[in-house]
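Residue-level listing of the chains:
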Amino acid sequence: MSQQVIVLGKEEMNRLMKHYENNKIHRNAPGVVFAAKLNDTAITVYKSGKVLFQGAGSTREAAGWSGSDLPAKAAGIKTKTQGDTMPPNLANLSIVGSDETGTGDFFGPITVCACFVRNEQIELVKELGVKDSKQLTDDWMRQIAPDLKETLLYSVLTLKNDKYNEVQEKGWSQGKIKALLHNQALKHVLRKMGDEKPEYILIDQFAERGIYYNHLKAAPEIVRENVLFSTKAEGLHVAVAAASIIARVAFLEEMDRLSSLTGFQLPKGAGPKVDEAAARILLSQGENTLKSLSKWHFANREKAMKIAARKKK
Ligand code: MG
């Protein structure tokens, strides 16, 4: 579908809405202040002043307004990536994206989300505040995640610490754990989509294709069709950025729950603050409790034990 995006100032935005008043339609979507439909063009005006023209007449209609054209680059942030060669128009396609978080944190789960963004939802998703999630704060992600969940088809999986430690002790690598979770989340989303198919599935690459599928060897159903891998994929399509935000918020929510069990805010990451917090839990609640809150094989465990032993003396 052909589309044009322009950004208008307040005054011109009002002129535009007046101009299309007779073609006004009701569209109840977050961030949308006005929508109109012509024979060959759909027009959507967003709170921010962004106006989206879609359909065969989009170039003609957009040309009548003097808004600044968004550079084509704005659709996808250019960064150096590894993985498959992407289709040139990837940022404008209907994509299922997937990403995970929590893998480097001693406390808390691993979460994975897969999320479908249909091409006509791309502007809306951006309007809701989705950017490359590496540029977003946790607070901002908590704010926008509910709108994303409302708007998009998604599946988010939380692998809690007990289960993580169990499979880790069976010898599963983090790569294998992540591959199985991604595959599972992708299957769920594809099932929710029914007969609709994404143009591509884009996985934020944590392992190369061969290694990824090798991890899935024994999985009952493996998602293979039109799958692309790229590092930094959250900058290539908003579906991965949205998946990354939903996964992150699921991680934060589980961290909140675990923090309420310990009675203080558990720190993220795997640094010295984490060692201190882990030692505090060891001394007050013991080893089993600490294990149930953490990725037990991380080096933080040993460090915490040393700190706790020193404090006991
Ligand atoms: Mg990732």
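Worth saying up front: this structure is predicted, and the values here are computed from it rather than measured.

Draft legend 1. Focus on the sheet that holds strand E11 (residues 227-230). The strand order E9-E8-E7-E10-E11 describes an open sheet built from five strands, whose pairing is mixed. The two strands at the open ends of the sheet, each matched to only one other strand, are strand E9 (153-159) and E11. Strand after strand, the sheet turns through a mean of 15° between neighbouring axes, direction not considered. By the bridge criterion, seven bridges tie strand E8 (residues 110-117) to E9 in an arrangement that is antiparallel. For Cys-115, the partnering residue across the bridge sits in E9 and is Tyr-154.

Draft legend 2. Geometry of the coordination of the magnesium ion. Taken together, Asp-99 (OD) and Asp-204 (OD) make up the full set of protein donors to the magnesium ion, lying 2.0 to 2.1 Å away. A residue pair is termed long-range when its members are at least 10 positions apart, and Asp-99 in strand E7 (residues 95-101) and Asp-204 in strand E10 (residues 200-204) qualify at 105 residues. Residue Asp-99 shares its accessibility class with Asp-204, and that shared class is buried.

Draft legend 3. Looking closely at the environment of Thr-111. Structurally, Thr-111 is set in strand E8. Accessibility expressed as a relative area gives 0% for Thr-111, which makes it buried. Of note is the side chain of Thr-111, whose polar atom sits 2.7 Å from the backbone oxygen of Ala-247.

Draft legend 4. Layout of unusual backbone geometry. One non-glycine residue, Asn-226, lies in the positive phi region at around 55°. Following the sequence through the fold, Asn-226 ends up in the loop between helix H7 (209-215) and E11. Taking the relative accessible area as the measure of exposure, Asn-226 reaches 40% and is therefore partly exposed. Of note in the backbone geometry, Lys-232 takes a positive phi value of approximately 50° without being a glycine. Here Lys-232 is to be found in the loop between E11 and helix H8 (238-262).

Draft legend 5. View of the pattern of salt bridges. Under the definition given, this model contains 13 salt bridges. We note a salt bridge from Glu-123 to Lys-126, for which the minimum N-O separation is 3.8 Å. Here Glu-123 and its partner Lys-126 are both found in helix H3 (residues 122-127), three residues apart, which amounts to about one turn of the helix. A salt bridge links Glu-254 to Arg-257; the shortest N-O distance between them is 3.0 Å. Of this pair, Glu-254 and Arg-257 both sit in helix H8, separated by three residues, roughly a single helical turn.

Draft legend 6. Seen up close, the pairing of strand E3 (residues 32-37). One ladder, built from two bridges, connects strand E2 (residues 24-25) with E3; its direction is antiparallel. Along E3, the bridge assignment pairs Lys-24 with Ala-36. Here E2 hands over to E3 after six residues, with Gly-31 in that stretch at a positive phi of 85°. Examined bridge by bridge, E3 and strand E4 (residues 42-46) share five bridges and lie antiparallel to one another.

Draft legend 7. Expanded view of the confidence of the model for the protein chain. Taken over all residues, the pLDDT of the protein chain has a mean of 91, while the share at 70 or more is 94%. For the stretch residues 69-79, pLDDT sits under 50, and the model shows 16 contacts to residues farther than four places along the chain or on other chains.

Calculation notes
Residues numbered from 1 in each chain as written. Predicted model: local features only at pLDDT ≥ 70, side-chain atom pairs only at ≥ 80, totals over all residues. Heavy atoms only, no water. Pairing = 2+ DSSP bridges. Helix = DSSP H or I, 4+ residues; strand = E, 2+ residues; numbered from the N terminus. Axes fitted to C-alpha atoms, helices over the stretch in contact; angles between N-to-C directions. Donors = N, O, S within 2.8 Å, 3.2 Å for Na, K, Ca; no water. Buried < 20%, exposed > 50% of the residue type's maximum accessible area, 1.4 Å probe, protein only. Polar contact = N/O pair within 3.5 Å; in protein donor to acceptor, adjacent residues only side chain to side chain. Salt bridge = Lys/Arg side-chain N within 4 Å of Asp/Glu carboxyl O. pLDDT = per-residue confidence, 0-100. Contact = heavy atoms within 4.5 Å.

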